[in-house]
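Coordinate inspection notes
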Amino acid sequence: MNTASLIEYVVNGLQAGLLLFVISAGLTLSFGLMRVVNLAHGSFYMLGAFAGLTVAQRTGSFALGAVVAIVAAALTGWLIERTLFRRLYPRGPFSQMLVSFGLIFVFDELVRIIWGGEIRSLPRPEALSSSYEWLGASIEGYRLFLIGFGILVSAGLFLGLVRTPLGTAVRAAVDDREASELLGMKVTTLFSLVFLAGAGLAGAAGYVAIPIVNAFPGMGDDVLVSCLVVVVIGGLGSVFGSLLASLLIGYALTVGQVLVAGYAPAVMYAVLTLVLLMRPHGLLGKVEGT
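Residues numbered from 1 in each chain as written. Predicted model: local features only at pLDDT ≥ 70, side-chain atom pairs only at ≥ 80, totals over all residues. Heavy atoms only, no water.

The condition is simple: UniProt positions are given in the numbering used here, feature names are shortened, and annotations may be inferred rather than shown by experiment.
Under the annotation held in an unreviewed UniProt entry, the protein chain carries the name Branched-chain amino acid ABC transporter permease and is attributed to Ramlibacter henchirensis. Per UniProt, the protein chain has the following entry under Subcellular location (unreviewed entry): "Cell membrane". Quoted verbatim from the Sequence similarities (unreviewed entry) heading of the UniProt record, the comment on the protein chain is "Belongs to the binding-protein-dependent transport system permease family. LivHM subfamily."

As structure tokens, then:
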């Protein structure tokens, strides 16, 4: 492998990993922290993609499409949490899993009804359509944009959870919900905000991913599997673990597409198996009750 190819693999893997983390962040927060099983998380990714795509195509503004994608996915997540999941919290994960699994089919069919079943694409913004040469490697400007986007979102998420009163309140509510409520915290409102933020991030990721992967009904289903793998590998309750897992899976898929084209998911599952054999609770996960 020459230097140019190695650089391209590094850039592509980093871009794939950071984008996967942005997608899976909401699932990490809801499933890993709140212990809420939301299998419809990939649907927010899909809804954000189609809502933003529609606006971008009609207005010609990539930035406006991104705003609409975030708002549409976030409001959908908030509405679902308020009307469905809030009633399912006391019923445990099995009920949550069944309802959210059904929502996948509902949203997939709604997208087909509203937007049709064809594959849709979105050109890269003109300012990001160039490629850059470095040590013989050709690096797409749009992939560099996605890397920067992923870094900003990751930094914002970590700072928000660690350095802000809201993040402190969320972590306290997760650790001991009853004690937090006794202290006057509105835990249900906090969980609604977490759900809203996670759905918005998924919608943003779905939209910015269109120039690379296109948009189509059911696009969130495959992404959901990757997100679940990230949460498991990273360890329940560990956002930083999910970041490490996302980068690991991003590079695994990138290498898999080169070495065993068409069987890249098998490489992802192989990584999952190896990690769980060595770390049954994930990279940074903690044993329940400790």
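1. Some remarks on the nonpolar core
Which entries qualify depends on this criterion: Within this scheme, the nonpolar core is defined by two criteria: the residues are buried Ala, Val, Leu, Ile, Met, Phe, Trp, Tyr or Cys, and they are joined through side-chain atoms within 4.5 Å. When accessible area is computed with a 1.4 Å probe and restricted to protein chains, residues below 20% of their type maximum are described as buried, those above 50% as exposed, and intermediate ones as partly exposed. Numbering of helices and strands starts at the N terminus; helices are DSSP runs of H or I of at least 4 residues and strands are runs of E of at least 2. By definition, residues are in contact when any of their heavy atoms lie within 4.5 Å.
With 81 residues, the main nonpolar core has Tyr 45, Phe 85, Tyr 207, Ile 233 and Ile 249 as its most contacted residues. Considering every element that reaches this core, the biggest residue donor is helix α8 (residues 187-213), with 14 residues. Look past the residues within four positions of Phe 85 in its chain and what remains in contact with it is Val 36, Val 37, Asn 38, Ile 80, Gln 96, Ser 100, Leu 103 and Phe 195.

2. Some remarks on the packing of aromatic side chains
Definition in use: The aromatic pairing rule takes the rings of Phe, Tyr and Trp, using the six-membered ring of Trp, and pairs them if the centres are within 6.5 Å, calling planes under 30 degrees apart stacked, those over 60 edge-to-face and the rest tilted.
Here the structure, examined in full by the defined rule, presents ten aromatic pairs. Measuring from ring centre to ring centre gives 6.3 Å for Phe 62 and Tyr 142, while their planes differ by 85°; the resulting arrangement is edge-to-face. Separated by 80 residues along the polypeptide, Phe 62 in helix α3 (residues 62-88) and Tyr 142 in helix α5 (residues 141-163) bring together distant segments of the chain. For the pair formed by Phe 62 and Tyr 142, the shared burial category is buried. Put simply, the rings of Phe 62, Tyr 142, Phe 145, Phe 149 and Tyr 207 touch in pairs and so form one group of aromatic residues.

3. Overview of helix α4 (residues 93-115)
Put simply, the rule is: Given a helix with a known number of residues, its expected span is that number minus one, times 1.5 Å.
In this model α4 runs 32 Å from its N-terminal to its C-terminal C-alpha over 23 residues, within 8% of the 33 Å that 1.5 Å per residue would give. For α4, every residue scored as buried is listed here: Gln 96, Ser 100, Leu 103, Ile 104, Phe 107, Asp 108, Val 111 and Trp 115. The inward-facing, buried residues of α4 contact α2 (41-59), α3 and α9 (219-234).

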